[in-house]
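# Descriptive analysis of the structure
Listed here are the chains, written in short residue letters.
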Amino acid sequence: MIHPAAAPPLGEAHKALCNLFSAQMKLGLDLLTTIAGLPGCCLPKLPVPMSRHARACCSRAGCCEIPAPCWVPQPLGECVSHVCPCRTACIRLVVTNCDATSSRVINVEATGKHAKVSPAQLVLEPLERGTVEVCTTVPGEAEPGSKLESVVRIHGCRDYYLRWTVSVGTIGFDSRHEIEVEDCPDLVHHWYDHFYCRRSCRHVQTPAGTPSHA
């Protein structure tokens, strides 16, 4: 019989139970991510300015991080896909032309000999949304534990890039992630902006047959 004075406090027992439950939940999520390539493995490290992700970050964390300067491509974060040999990993880019007055040409490219982009170009009318898929099929001879790395670049009103890693495992189904890209002119001046940054689009490729000022 345990003497009441020697019994652990109820609060400590409750804390230990919560820790055990949290560890089991994390283990289960990690296992599902590895097997099925769930979207939870997309980890945006720095939100794109003026996007919904940035506004959500502002509301939660107070926006302590300063975005990348205007002259470099804007980071979309990193994504890791887990698939086995002969399977395919894809990233679905949902691009929105936030401009209310101008049509826009969006060009997408990806590094890596196994990465394929379809279509490589979108023509979006004002406020229109389009989809581009970037897919990588893992070769059958790929070794488990190896990685296929790509940099996906989007050229529109602004330039963006996404770091994408396809991790080769012994098990895993086809994988597909979805990334939203809001291609908008940054018309809001912030305290961290450089004085020579243009507030409108840095470069715009207009569709054939449209006026050059559009």
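These figures come from a predicted structure and were not determined experimentally. (Residues numbered from 1 in each chain as written. Predicted model: local features only at pLDDT ≥ 70, side-chain atom pairs only at ≥ 80, totals over all residues. Heavy atoms only, no water.)

As a further point, take unusual backbone geometry. A cis amide bond, omega -15°, links Ser118 with the succeeding residue Pro119. Locating Pro119 in the fold gives a position in the loop between β5 (115–118) and β6 (121–124). Positive phi outside glycine occurs at Cys86, with the angle close to 75°. Considering the arrangement of structural elements, one finds Cys86 in the loop between β2 (74–83) and β3 (88–97). (Helix = DSSP H or I, 4+ residues; strand = E, 2+ residues; numbered from the N terminus.)

An order of β5-β7-β3-β10 is seen for the four strands of this open sheet, with the pairing classed as mixed. Edge positions in the sheet fall to β5 and β10 (175–183), since each has one partner strand and no second. Here the strands of the sheet are splayed against their neighbours by 20° on average, with no regard to which way each runs. Pairing analysis gives four bridges linking β5 to strand β7 (residues 129–137), with the strands arranged antiparallel. Looking at the pairing, Ala115 lines up with Thr136 of β7. (Pairing = 2+ DSSP bridges. Axes fitted to C-alpha atoms, helices over the stretch in contact; angles between N-to-C directions.)

The next point concerns the side chain of Ser167. Relative to the helices and strands, Ser167 is located in strand β9 (residues 159–168). By relative accessible area, which is 11% here, Ser167 ends up buried. Sequence-distant contacts of Ser167, defined by excluding residues within four places in its chain, comprise Val80, Ser81, His82, Val83, Ser146 and Lys147. (Buried < 20%, exposed > 50% of the residue type's maximum accessible area, 1.4 Å probe, protein only. Contact = heavy atoms within 4.5 Å.)

Looking now at the state of the cysteines. Per the stated rule, a full pass over the model turns up two disulfides. Linked covalently through their sulfurs, Cys90 and Cys135 form a disulfide whose S-S length is 2.0 Å. Taking the sign of the torsion about the S-S bond as the criterion, the disulfide between Cys90 and Cys135, at about 110°, is right-handed. Separated by 45 residues along the polypeptide, Cys90 in strand β3 and Cys135 in strand β7 bring together distant segments of the chain. Taken as a pair, Cys90 and Cys135 share a single burial class, namely buried. The residue that forms a disulfide with Cys98 is Cys184, at a sulfur-sulfur distance of 2.2 Å. Placement of the pair is Cys98 in the loop between β3 and β4 (104–110) and Cys184 in the segment after β10, with a sequence separation of 86 residues. For Cys184, a relative accessible area of 11% translates into the label buried. (Disulfide = S-S within 2.5 Å.)

This part covers the pairing of β9. The buried count for β9 comes to eight of ten residues, which makes it a mostly enclosed element. Note that β2 and β9 share eight bridges and pair parallel. Residue pairing in the sheet places Pro75 in a bridge with Tyr161 of β9. Here nine bridges tie strand β8 (residues 147–155) to β9, and the two strands are oriented antiparallel to one another. In the sheet register, Ser150 faces β9, and the bridge partner there is Trp164.

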